[in-house]
Amino acid sequence: MGNSYAGQLRTTRFEEVLHNSIEASLRSNTVVPRPVFSQLYLETDQPLAPNGRTENDEEEEKSSESNSPPIPYQMKPPPEGCCTTDGFCQAGKDLRLSSLASDPLDLPPGFSLVGIKSSSIPDNLLVCAVDRRFLPDERGHNALLGFSGNCLGCGEKGFRYFTEFSNHINLKLSTQPKKQKHLKYHLCRNNQGVLVRGAPIYWRGNDGRMRQTASSLSENHLSSNELQPNLTSTLPPNPQGNNGLQLSDIPPTLTNGSHAASSVAQPPSQSGPGRPSGPHSNAAPPKKRHKGWSPESSATNQPESTIKTPSSSSISSFLPVSSVITNGVRSETGVVPNSSQGSSTSLPPPQLTVSVPDLLLQTCRLQPVIFKGHGPLPQLTGNVGEVLISSLLQSCYLSAQTLPRVYQHYGPSPIQPLSTEMQILLTVYYLVQLGPDQVPLIEDLEQIFMRSWRESHLSEIRQYQQPQTSGIQGRHYGIETTSTFPGLPQHLSLPSQSQQPLTSSQLPWLAQLAASSCGESVLLLAENVESLAQGLQQMFSRLMEGRLENTNYVVIIVTAARQETQSCVVVTGKHQCRALAESMFSPSEGLKEISHQLSTGAAQDLMNFCNSLGQDGDMDNILDISSVYSSEASPLSSSQDSPEEKSVHSTRSPKATHSPSGSQTQCSKDSVSPKGRTTSPKDTCSEYFVEWREIRPIQLAVARKLLSHVCAIADSSTQNLDLGSFDRVSFLILVPPSEVTFQQTVFHLWSSGVLRELGSLDQECASQREAERYVVKIDQSAEARIDSLIREAHSNSYTLYILVHDHAHWDVSSSSESSLGLVDQLLNSRQVREATNILILHVTSFPFALQTQCTRISPYNEIHWPSAYSNDVDLYHEKTRYFGASELLDSTCSGNSLPLMRYDSSFESMTSMLEERFPKLHSAVIRTTVLIQHYSVALMAASGRLSSSHNLQKHTSVETMELVQSLLTAAQQCPAHHGHMILLRIPCLALAAWAHRRLSRVRKQLGLEDSFEIILGNPNQALNVAQTFTDQIKTWLKIQDAEWVPRTYLELEALPCILILSGSEPLGESLPRSLKYCDLRLINCCYLQRTTLEQELGLAAYLVKAESRVLLNPGPESDQLESDPEKLSSTDNEEEERRQHGDSPVSSSQPVQSCSDSGVPDPHPAQSVQKGTAEAIHPPSQSQTQQHYSFQSLPHPHPAPLNPNQPPAQAYSQIHTLHHQQQQLPPQGHFQPFSQTNSQLHTQTHQPSHSLHPNPPAQSTRQHSKSTSSASLSPRSSSPLLSCSWARGVSRPPSVLLPRALYDIITASDSSGLPRCTSFLPHMSVAWASSFRPLLSKMMTCTEQSLYYRQWTVPRSHHMDSSNRTEGRSDNFHPRRLLLSGPPQVGKTGAYLHFLGILSRMLIRLMEVDIYDEEDISNNAQADALKHPPNALWPNPDIMRTMPFDYTIHHPKYDDISSVYCPGFKPSAEGFPTRQEDVFLRRRTSRIKLSKYAAYNTYHHCEQCHQYLGFNPRYQMYESTLYAFTFTHLVLGEEIQLYFIIPKSKEHYFSFSQPGGQLEGMRLPLSSDWSPDCIKSPIFTPTTGRHEHGLFNLYHAMDGASHLHILVVKEYEMAVYKKYWPNHIMLVLPTVFNGAGIGAAHFLIKELSYHNLELERSRRLEGGGPAGDVWPFIILADDSCVMWNAVDLDARNGSVEHAVSLKQVLHHMEACQDLMHFGLCGIRKWSSRGSPGNNPREPFSRGHLHDFLLLNVDRSQNVQYDQNRFTCHDVDFVLRLHSAGLLVCRFNSFSVMKKQIAIGGYRTFIIKTKMTDVPTSVGPSQYICAPDSKHLLLATPAQLLLEKYLQHTSLKLFPLSAKNYTHPVLSVDCYLNLGPEVTVCFVSSRPHSVNISTTGLLFSGLLLCFPDAFVTAGFLKKFAFLKGATLCVIGADRSSLRQTVGRLELEEEWRFRLSDEFQTANTKEDRPLFFLTGKHI
């Protein structure tokens, strides 16, 4: 291996480096190429290569002592017989961490547990014990050379060489083993005592980053006694920031793709991006040293307790939105790495510190935030409590340098991550283009990095992505940025592939150039700054001197010689510091801080400040004067006396101090006290209606989709759900712990009717209380309910339990969390996972947290809410349209109407001023106080009770004034006093309670208690509404119950109220349609995740009446519709009244303008936040189509924004100028927004005041007055004269007021056209898997979005899915878990409730089958006397012989065949209509529920059937053997070879010559044998085409009895039947019978059975037993027999049938003592009508038997089935059997039910022509032809053609026989179907046969079918025929026909013609049949 000397020239790379340097110098104008030799000459201490190792490390690993290629490492061969399995030592002991995690391990003193990385098992670690002396310390130093370790598997100790140890643990390396490469991690135990991966072992040069360490600590939940040393002593130094992380060092939870990435080293390229530029001064090449002995110095550790740092939740706030990996716990991120980026030269001395000045917060009124960048921060001392430190920017840098594995798999490549210098430059530019009120977002910066990197390696990325591009990976990366930055020189652009990377010497002046374009906003400290400590000290000095008053960001860059570039960013803007500081709190910590400030009185000064109205006095004094009531106690606490009402000086913003004159008069005039208003004689509202219980078509469609997914799970081959085994449905709905949500779900459940449908309620329930036991809140009480359900599920295996997890995104915490994780504990428990009858349905509007790389839900089990409209076509015939977040965004694009979503600039200005005045108060406290003061003042102004009302309006915002005016005046227009709801969202419970008390006090003092209600929506408390308003609601809803109170917000429909909704997040509460304003101005802006934002916007989601919608583009002259009388007005009077008084109405917001996509004036037009990053980077002309996705087709640029500081009058004037400009726009029809509703849904209707505009433009006036023509959802369009304000607004979506910061974010769009918020982190509990991810695409479907999040997000350690990993598997989906996602308030509850109902109906339907239910045909009216007693158990042979044989066929399936002549039978006069041959498809059926003794098809697989179907643990599935069986048949005259397929589990039913030898036969029992659990008769079931649907599962039918069941199949179907029925015995018919009918199958079964009977008798004789005692019966069963019934004769009301098992039927029949006297037995067909008439049924009868036969093969040996028959073979066989003198008996006490199976069967034969295999329409007349004629030949068996021809054309052959029962056709020795109108008289020619008397009977025809020798001329002369009767002789060929005619002397009485000879339409090869006809003389 030799030493690798520093200073050695690497000539293998010399030509490459030289070429690159020359090329760069020729192409570059600005970048100085790096000297060639400085790239090739290695310094003493190498900087790290991009993969985290030094150059020498790479050479050592490659064994590159010389320039020759490295020699592959040859491992020592393992000893003979030792274990070589990966993960095990050579002694065979398991070393994997996953196996040893919980085992107690014996560790010698001085040894540490170490995790070894093995390339063969990349997703696991090997555990070993290593002497600590040979491991480095936390700085990578002081490790002894060599190795000393023990094997923890076998216990072997004393390994002195790592090579020897690596062989022992089977590392299987291709390079020489090195401990630095494989000893990767310290191992430690977490709080649960489980051994987990700890901090990485910092071998000098390896990539042990703080980010990775923090991740591993947070992932493993180290205990408190282990956390401290890991954070302080084992934390590795932070290497050079521009070097990418090794993926092998990233924890498995955080890698993209599979759970563990293999360690792939990047090529050692020192000239790529990120390498330091400039020559190094080292000259002497010292010898190679051990890595652990580097003399590198380290920075001083910073005490973690001295600095406030962000918590893990801050990842999802403003800068920390999208960090890829969790930064760990709150105390972790403040720890400063103790190394200087891997560089050992020019580091600041350890004692260098930075002192934080005293009184920093008091002096500067801000708390600066320091973002660590590149390099370690110096230690801060002094007043460190007033400084915040965050490592989130550093995490962004690191994640942006972790190349995806796809670029590492190609070995050496030019693709490198962004260099440190380029990252710093891009960061400076990003900060430069931020607005003064904008807070930096990590998401944006991350995408800028991604975009820059992608453009710099575009060709290589395309090369690597080409074979890997999938649906979403090929989409655009990052936000759209141009390569040329505005404000920088044109020649400086993003580095392309051909340019050299940015050097550290160029960075300062380029960054300074970029910062100079924004004035003082960004300050760059780079000149004469030799260290970060010096830069920070300068920053603090300037800050204390006030020189950074206008500076928001200070960027410190250190580019000293021989030192890696270092940087950090200090945020000094007041607004930015506050936002970032508050984002460092977790949500719960933020709420605690707010509550603390309220309880300690910290907000008292703010309250006093806001209470003052300046010159207008003090609010409390004004209220006290007007109030007739006494003052209440303090709203803040009981110990304070109204301190918030004490007045101090008030300061107003310029915009808030102006109000149009005259509005006060209007307000006071209309706001009449409710006590003084007169009551109308008719105090009801005819326009009031409530539609709660309607199920919409789209909900039905979603319910069916849910059902289809459940069926798909059941139909899959995994057998995870057996729907056929369940007979009922039970369910439990889990909801968040909100009392309103609970009651709301109970209400929906109760009113849906599901409980009655499921049988839970026997009658109409009168109270919702009965439904409450099916809904449970997820709190501590839920555990008992779930446990009860689990116990119930275990005891009721036939019940399917549905666990509906509603609002499923609410709690995704792991159960390891102390106070959370209830969902994980309950739904992910082992009992729920393993219960096969529990199915979980997650329902949520925001499924992102459940769509990660470790999700438990299969993507195939996701159901997404469908779009109701496609191209404006109503797909589901809905009467409603959904109006959600995307439609709200569309409304902001309106150029001529007021957007529904907007912000309040006056309120924002007021809060901004107070936030600067009170820097220590939380912004939520300030904003809430200001807003409640605005509401209070607005109430005072709008009430009309105060003389100074006109002066009060200037102390509130226009938006708040409009809200309050609408609330107070809406109810006046309705005789029933219907009004609107205002939703005021205050997340903090303490602030919400204070706001409720404050507003209630103001309302009381103003005497407005009866005008509107103020409701505090606390999720932990029930809804509380005053009795006055409760009575009002009861009157509206016509509720008579005296104790009724509203429990849900839906029941507050039309109630004028302010709902203060509190709680950290909405918990699924639905709001009424009377919601008019959704005031979200107080929601938290610190935690920006997609779920959080969309959840708040979802409160305004609305279902709008579709019929009230008017199409867009009504035309410029459509001004006839009435404008909105409420919008922009101070009252609810009509327009005429407003014009009469000349009022100047108050605008509801800043009026519409087209300055940006907001539709709201921009107070800072120069640095508009809403323009976003994209617009700042693009020139304005380029950004118009990228700003918002709804503006893609707007053809005009936006006018400039208004000046925020101008007075309102001037602003209104400018607005109308803008409106006048907008008249030149194209018609609105050209505008195609993105959302489903192609119209804007909210309007501005009031004409501007004439006092402001003496001469308003005519078009401008029209533009205002007509704007409701595009307000498609306002009912005023169609019914403008509605008097009820509620009725006018019920079909209009609510207006939404947002904080300015959120509004700017939501309305901005990214490069894909989607709103920027969609690219945010989807949920707080997940993290991005990689920075190198594409953006969501605008064209993505919901399914594609799901796949996107499944690929690019990973759960954090506290996520419940973080533990959902299975070794060796890429997924671990729960098979019975579904996810239903849909927009908020769209109707998901109704959909899944309907799903429960149809699922229950389907299960009932699965438990039911369609049974043929038909009466017997051809019944005699007369009833003979009973021969047997009614309760006789078995037939008496002697009595049976005296009973006449019933020749008549009674089975209804044969109502289309020829009747058999019977002397005593008289047919009915009308006869029977002709039926087509597909009659069985249209026969009468009844739906019958399956009994527990039913036979099943292949879709049934319950637990009891597993062994029966082949799931026997003793045998392998499908383990069966094919046996041949040959016997000779005398009739056929040839050997017949059959095949048996016998499973191993069934071989005991057969006898073999030897075990596994030749098959000799089936074993048969003796007649004397009897067992209660055994059936003696073998069961044969011929079947074809029904491998799935045939009822071959007889396990339940046999009630578990042992039986021999043989399926008789055709050869070509053998494989498919064997596949579906692996544990069934198959009898395979010979090949020649592939086209044969049912007759052939029965023929071979009978002959085989008789042959086997003879063999068994011989075997018994050889064994010395009696030969005649062998059981001779077999069972011939149809494959559609499903259930059996027995008649109960003891019933009082006559005979009643009940279900019995097949075992009981067969046991009863086999127990008959005289059974041997019978040749054939059977049972009757079931019918719901029972026996005809009320006469008692004869228990036994003689007649035809069908479907289920017990055949005595011994007595019937001389009567065979006709092997050629296709139809009526059983009728023919029974007739011949009876004529042979054998007894035929039908057991009438039993019946068989036959299931309707429309697939397969022996009746489905297709007649095809020879020319094509396609079935053609061939008529029966074409089935025959003249011999030797040219005719269409058919590819159908000749016998089938003959039978079909005779059936359909017999009237031509036997014209005298038509409907002539008294003159039948004589058929000798066979029965053939001649059609239903012809009667056949069967006679047998055999001697001593039993025939009917034909004396005096004249026959209308004679049929001779293959007459044998028993048919003679003398036999035929016994019968008389009518003159003209027809003769038909059938033979195999023409010669046999002639011989038959001659032998029988037929020509004497019959006349023949040559033209009367025919054949079937077959070719000669198919052996056609011939027949000859003649007439009787």
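Heads up: the structure comes first, above all this text.
Enquirer: Run through the overall build of the protein, naming residues and quoting values.
Expert: For the protein, the helix and strand inventory stands at 51 helices and 56 strands. In the protein, the share of contacts with a sequence separation of at least 24, taken over all contacts with a separation of at least 6, comes to 77%. For the protein, the computed accessible surface area is about 74,200 Å², with 51% contributed by carbon and sulfur atoms.

Enquirer: Can you tell me about the packing of helix H22 (residues 739–752) against helix H43 (residues 1388–1406), naming the residues and giving the values?
Expert: The interhelical angle for the contact between H22 and H43, taken along N-to-C directions, is 45°, at an axis separation of 10 Å. In terms of orientation, H22 and H43 fall into the oblique class. H43 is crossed by H22, and the crossing has right-handed handedness. On the side of H22, the interface is formed by Thr745, His748, Leu749 and Ser752, while H43 contributes Thr1389, Tyr1392 and Leu1393.

Enquirer: Mind laying out helix H48 (residues 1769–1779), listing which residues take part and the relevant values?
Expert: Structural remark: α-helix, 3.6 residues per turn; residues separated by three or four positions point the same way. Where burial is concerned, most of H48 is hidden: 11 out of the 11 residues are buried. Taken together, the buried positions of H48 are His1769, Asp1770, Val1771, Asp1772, Phe1773, Val1774, Leu1775, Arg1776, Leu1777, His1778 and Ser1779. Looking at the packing, one finds that the buried side of H48 touches strand E34 (1459–1460), helix H46 (1638–1662), strand E46 (1718–1725), strand E48 (1748–1752), strand E49 (1783–1794) and strand E52 (1879–1883). In the stretch just after H48, glycine 1781 is the one whose phi turns positive, near 90°.

Enquirer: Tell me about the sheet that holds strand E3 (residues 149–151), and name the residues and values.
Expert: Pairing between sheet strands relies on hydrogen bonds along the backbone, with the strands arranged either parallel or antiparallel. Strand order in the open sheet formed by 5 strands is E3-E2-E1-E4-E5, and the pairing between neighbours is antiparallel. Edge strands, defined here as strands with exactly one partner in the open sheet, are E3 and strand E5 (195–200). In this sheet, adjacent strand axes meet at a mean angle of 45° when their direction is disregarded. Pairing analysis gives 3 bridges linking strand E1 (residues 111–117) to strand E4 (residues 183–189), with the strands arranged antiparallel. Bridging across to E4, valine 114 finds its partner in histidine 186.

Enquirer: Which residues make up the environment of tryptophan 1621, and what values do they have?
Expert: With respect to the helices and strands, the residue tryptophan 1621 is situated in the loop between helix H45 (1614–1620) and strand E42 (1625–1628). Exposure remark for tryptophan 1621: the relative accessible area of 2% places this residue in the buried category. For the pair tryptophan 1621 and threonine 1498, spaced 123 residues apart in sequence, the C-alpha separation works out to 7.6 Å. Apart from residues lying up to four places away in sequence, tryptophan 1621 is in contact with Tyr1496, Asn1497, Thr1498, Leu1509, His1587, Gly1590, Phe1592, Asn1593, Leu1607 and Met1626.

Enquirer: Describe in detail helix H42 (residues 1342–1352), supporting the description with residues and values.
Expert: Looking only at H42, the buried set comprises Gln1345, Ser1346, Tyr1348, Tyr1349, Arg1350 and Trp1352. Structurally, H42 contributes buried residues whose contacts are with strand E19 (862–864), helix H34 (1090–1097), strand E30 (1326–1328) and strand E31 (1353–1355).

Enquirer: Outline the pairing of strand E51 (residues 1865–1868), supporting the account with residue identities and numerical values.
Expert: Side chains Val1865 and Ser1867 of E51 all project onto a buried face; the interleaved residues Leu1866 and Val1868 project onto the opposite face, where all are buried too. Pairing of E51 with E52 involves 4 bridges; the strand directions are parallel. From the neighbouring strand, serine 1867 faces E52, where its bridge partner is phenylalanine 1882. The pairing of E51 with strand E53 (residues 1898–1905) spans 4 bridges and is classified as parallel. Each bridged residue has a counterpart across the sheet, and for serine 1867 the counterpart in E53 is leucine 1903.

Enquirer: Which residues make up the environment of valine 1911, and what are the values?
Expert: Along the polypeptide, valine 1911 turns up in the loop between E53 and helix H50 (1913–1916). Using a relative accessible area of 1% as the deciding quantity, one classes valine 1911 as buried. Between the C-alpha atoms of valine 1911 and leucine 1944, which are 33 residues apart in sequence, the distance is 7.9 Å. The residues touching valine 1911, leaving out its near neighbours within four places in the chain, are Val1868, Asp1869, Ser1885, Leu1904, Leu1916, Arg1943 and Leu1944.

What counts as what
Residues numbered from 1 in each chain as written. Predicted model: local features only at pLDDT ≥ 70, side-chain atom pairs only at ≥ 80, totals over all residues. Heavy atoms only, no water. Helix = DSSP H or I, 4+ residues; strand = E, 2+ residues; numbered from the N terminus. Contact = heavy atoms within 4.5 Å. Areas by Shrake-Rupley, 256 points an atom, 1.4 Å probe, with all protein chains shown as cover. Axes fitted to C-alpha atoms, helices over the stretch in contact; angles between N-to-C directions. Parallel < 35°, antiparallel > 145°, perpendicular 65-115°, else oblique. Left-handed = near helix turned anticlockwise from the far one by under 90°. Buried < 20%, exposed > 50% of the residue type's maximum accessible area, 1.4 Å probe, protein only. Pairing = 2+ DSSP bridges.

Keep in mind these values describe shape, not function.
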